[in-house]
Amino acid sequence: MLLRFYYFYCMMKKIIALFCICCYYNLFAQNSINHPLPSNTQLVWHDMEFYLFVHFGPNTFTNKEWGLGNEPEDVFNPTQLNCSQWCNIAKAAGARGIIITAKHHDGFCLWPSKFSTHTVKESKWRNGKGDVLKELSEACKQNGLKFGVYISPWDRNHPQYGTAAYNDVFVGMLKELFQRYGPIYELWWDGANGEGPNGKKQVYDWDRFKRTVAELSPNTLVFSDIGPHIRWTGNEKGIAGFTNWNLLDTAGFTPGAGAPSADTLNTGNIYGKNWIPAECDVSIRKGWFYHNDEDATVKTPQQLFGLYLKSVGRGANLLLNVPPNDKGLISAADSASLVEFKKLKESCFKTNLLKQAMIINKVHTNKTDFKREVGIHLQLKKPVLINCLVLRENIRNGQLIKKMNILVINNGEVVHTIPITTVGHKRIITFTRTEATEIALVITNAKGKPELLDTEGYLIEENLVENEK
Ligand code: FUL
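First, a word on what this report is: a plain description of the structure on this page. (Residues numbered from 1 in each chain as written. Predicted model: local features only at pLDDT ≥ 70, side-chain atom pairs only at ≥ 80, totals over all residues. Heavy atoms only, no water.)

### Considerations on the site of the ligand
How we decide: Think of it this way: one heavy atom of a residue within 4 Å of a molecule or strand is enough to make that residue near it. Polar contact is defined as a pair of N or O atoms within 3.5 Å, subject to the rule that within protein one atom must be able to donate a hydrogen and the other to accept it, and that residues adjacent in sequence are counted only when both atoms are side-chain atoms. For every accessible area listed, the method is Shrake-Rupley and the probe measures 1.4 Å; residues are considered covered only by the protein chains on display. Residues were grouped as follows: Ala, Val, Leu, Ile, Met, Phe, Trp, Tyr, Cys and Pro as nonpolar; Asp, Glu, Lys and Arg as charged; and all remaining residues, including Gly, as polar.
Every residue near the ligand is listed here: Phe53, His55, Trp66, His104, His105, Tyr150, Trp188, Asp190, Glu236, Asp281 and Trp288. His55 places a side-chain nitrogen or oxygen 2.7 Å from an oxygen atom of the ligand. Tyr150 has a polar side-chain atom sitting 3.5 Å from an oxygen atom of the ligand. A total of 300 Å² of accessible area belongs to the ligand in isolation, and the protein chains cover 89% of it. Residues that form the shell around the ligand fall into these classes: five nonpolar, three polar and three charged.

See the structure below:
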């Protein structure tokens, strides 16, 4: 009896030990690392993908990019301002929101702020009764678009700029924005910090600015070079990194001159501690503000599609600037290009060729070195002509994929082997058109157990296929 009990005891010990080893390699090894995760508001933001930027202010009338701050208020006079027109065009472009320059570096406020004497209320426009922010925030609400605000901390007009008192002014302005025009989904802080009218630079109280927004509007996502919620992608060309981590280390950095290098902002930090995804800002025209001699520079629908591939298609969001003209309207050339861009996008992504593909092999673990090779092997019902794949990672669980190989196979023969790195919210891969019977997605390196959501495949117009990198 005692012997039987002893055998039973030994068996149990072995089972428990085996169980622990299994847990160690299969579960704990994957899940013990704390991966930064997106907040719920960031998840909603990721799904927005594409929205418009509107640069509008005295520069629209003076043909400048950076006003000096001494422009008479009366130069601001949009005779036919119509924010509903902007919203209609945004919707026709497939954009989900609009971010407007409430105050650019010249300090002119598009709303009647009590903290400045350089605002719409000092202008003759609508006898000083006009308020662009009121009009746009209401039009956005009516049209189901999200409303966002750019406010430049740099102010070339404000007499207190360069003194501690200006930080109070800026906080006061933030309060006005949230209390009068909210909800504001995204607040955009430009890192530029030049001299004010008295020749001094400002020491910005970023922590106080961040606290103010968090208190007034906890669901607002704040953009700056380094977040806290959305980061700059490091260029103004609308191009995210080929490798694009939604993670960034910000300790010791500040927005503006104290930010990490443009390259770091472009790719993010692989082991970054904070979820701070990249946003790609770029203008549809040469300049940020409207200049009629730049009408010929309006990007074509094909160029916009190319930008979409290199921003949204690399897991970032696209913030496309479409500046209204001096009448206060978006010009016909810009709007025509935007409408065509949407049509192009819709026709490209209309028929998912992988919809009925069969998954024949889901997970393959390379047991020799415990590096996981997770693969999804898709068998197509019949051969298809294909040149584009759309991959998505389940970022609710973090961003984990480091490296992948995509194999496009036709009757057992590998036609394309495409190495990529990160996936994130979305990864769009285009390649020379080929007939395919199978697609294999092999994850060769990951930070944990990654999860790919449904993969889609398309045949897009051949001239839209981009060379990766
Ligand atoms: C830059 C500014 O200096 C440009 O004028 C523009 O507003 C762009 C979006 O950000 O830093």
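### Notes on helix α10 (residues 332-348)
Rules: Helix and strand definitions here come from DSSP, where helices need a minimum of 4 consecutive H or I residues and strands a minimum of 2 consecutive E residues; each element is numbered from the N-terminal end. Expected span of a helix: the number of residues minus one, times 1.5 Å. Throughout this description, buried means an accessible area under 20% of the type-specific maximum (1.4 Å probe, protein chains only), exposed means over 50%, and partly exposed covers the range between. Two residues qualify as a contact provided that any one of their heavy atoms is within 4.5 Å of a heavy atom in the partner residue.
A rise of 1.5 Å per residue sets the reference length of α10, with its 17 residues, at 24 Å; its end C-alpha atoms lie 24 Å apart and thus fit the reference within 8%. Along α10, the residues that are buried comprise Asp334, Ser335, Ser337, Leu338, Phe341, Leu344, Lys345 and Cys348. Elements that come into contact with the buried residues of α10 comprise β1 (50-54), α4 (83-93), α9 (301-311), β10 (317-321) and β17 (456-458).

### Digging into the packing of α4 against α10
Selection rule: Axis definition: a line fit to C-alpha positions, over the contact stretch in the case of helices; interaxial angles, taken between N-to-C directions, run 0 to 180 degrees. Convention used here: angles under 35 degrees read as roughly parallel, angles over 145 as roughly antiparallel, angles from 65 to 115 as roughly perpendicular, and any remaining angle as oblique.
The contact between α4 and α10 brings their axes to 7 Å, and the two run at 30°. Viewed along their axes, α4 and α10 adopt a mutual orientation that is roughly parallel. In this structure, α4 uses Ile89, Lys91, Ala92 and Ala93 to contact α10, whose residues at the interface are Ser335, Leu338, Val339, Phe341 and Lys342. Class assignment of the residues belonging to the contact of α4 with α10 gives a composition of six nonpolar, one polar and two charged.

### So, α9
Within α9, nine of the eleven residues are buried, which leaves the element mostly enclosed by the surrounding structure. Listed in full, the buried residues belonging to α9 are Pro301, Leu304, Phe305, Gly306, Leu307, Tyr308, Leu309, Lys310 and Ser311.

### Overview of the packing of aromatic side chains
Keep this limit in mind: To pair, rings of Phe, Tyr and Trp, with the six-membered ring standing in for Trp, must have centres within 6.5 Å; the planes then decide the type, stacked if under 30 degrees apart, edge-to-face if over 60, and tilted in the middle.
Counting across every chain of the model gives 27 aromatic pairs. Arranged with centres 5.4 Å apart and planes meeting at 65°, the rings of Phe56 and Phe76 form a pair that is edge-to-face. In this pair, Phe56 is assigned in the loop between β1 and α3 (59-62) and Phe76 in the loop between α3 and α4, connecting sequence segments 20 residues apart. For the residue pair Phe56 and Phe76, the accessibility class agrees, reading buried in each case. Between Tyr150 and Trp188, the aromatic rings sit 5.5 Å apart at their centres with planes inclined by 20°, giving stacked as the arrangement.

### Section: the nonpolar core
Rules: Here, the term nonpolar core denotes a set of buried Ala, Val, Leu, Ile, Met, Phe, Trp, Tyr and Cys residues that are joined through side-chain atoms within 4.5 Å. The start and end points of each domain follow an automatic or database-based domain assignment.
Core analysis: the largest hydrophobic core is formed by 75 residues, its most contacted members being Trp86, Ile98 and Trp189. Here the element with the most residues in this core is helix α6 (residues 164-181); it accounts for nine residues. Residue assignment places this core across two domains, with domain 1 (40-348) and domain 2 (358-464) each supplying three or more. Apart from the residues lying within four places of it in its own chain, the contact partners of Ile98 are Leu52, Val54, Trp86, Cys87, Ala90, Leu136, Cys140, Leu145, Lys146, Phe147, Gly148 and Tyr185. In this structure, Leu380, Ile418, Ile429 and Phe431 belong to the second largest nonpolar core, which totals 24 residues.

### Considerations on the sheet that holds strand β9 (residues 278-283)
In a beta sheet, neighbouring strands are held together by backbone hydrogen bonds and run either parallel or antiparallel to one another. We count it as follows: Here, strands pair whenever DSSP counts at least two bridges between them.
Taking strand neighbours around the barrel as the criterion, the eight strands line up as β1-β2-β3-β4-β5-β6-β9-β10 in a closed arrangement whose pairing is parallel. For this sheet the average axis-to-axis angle between neighbouring strands, irrespective of direction, equals 25°. With two bridges connecting them, strand β6 (residues 230-232) and β9 associate as parallel partners. Note on β9: the bridge partner recorded for Arg231 is Ala278. Running at roughly 165° to strand β3 (residues 146-151), α6 makes contact with β2 (97-103), β3 and β4 (186-188) of the sheet.

### Things to note about the side chain of Lys345
Applicable threshold: When charges are counted, neither His nor the chain ends are considered; positive counts come from Lys and Arg and negative counts from Asp and Glu. A side-chain nitrogen of Lys or Arg and a carboxyl oxygen of Asp or Glu constitute a salt bridge if their distance falls within 4 Å.
Turning to its location among the elements, Lys345 is positioned in helix α10. Of the side chains with opposite charge, Glu49 lies nearest to the buried Lys345, which makes no salt bridge, at 5.6 Å. Apart from the residues lying within four places of it in its own chain, the contact partners of Lys345 are Phe305 and Tyr308.

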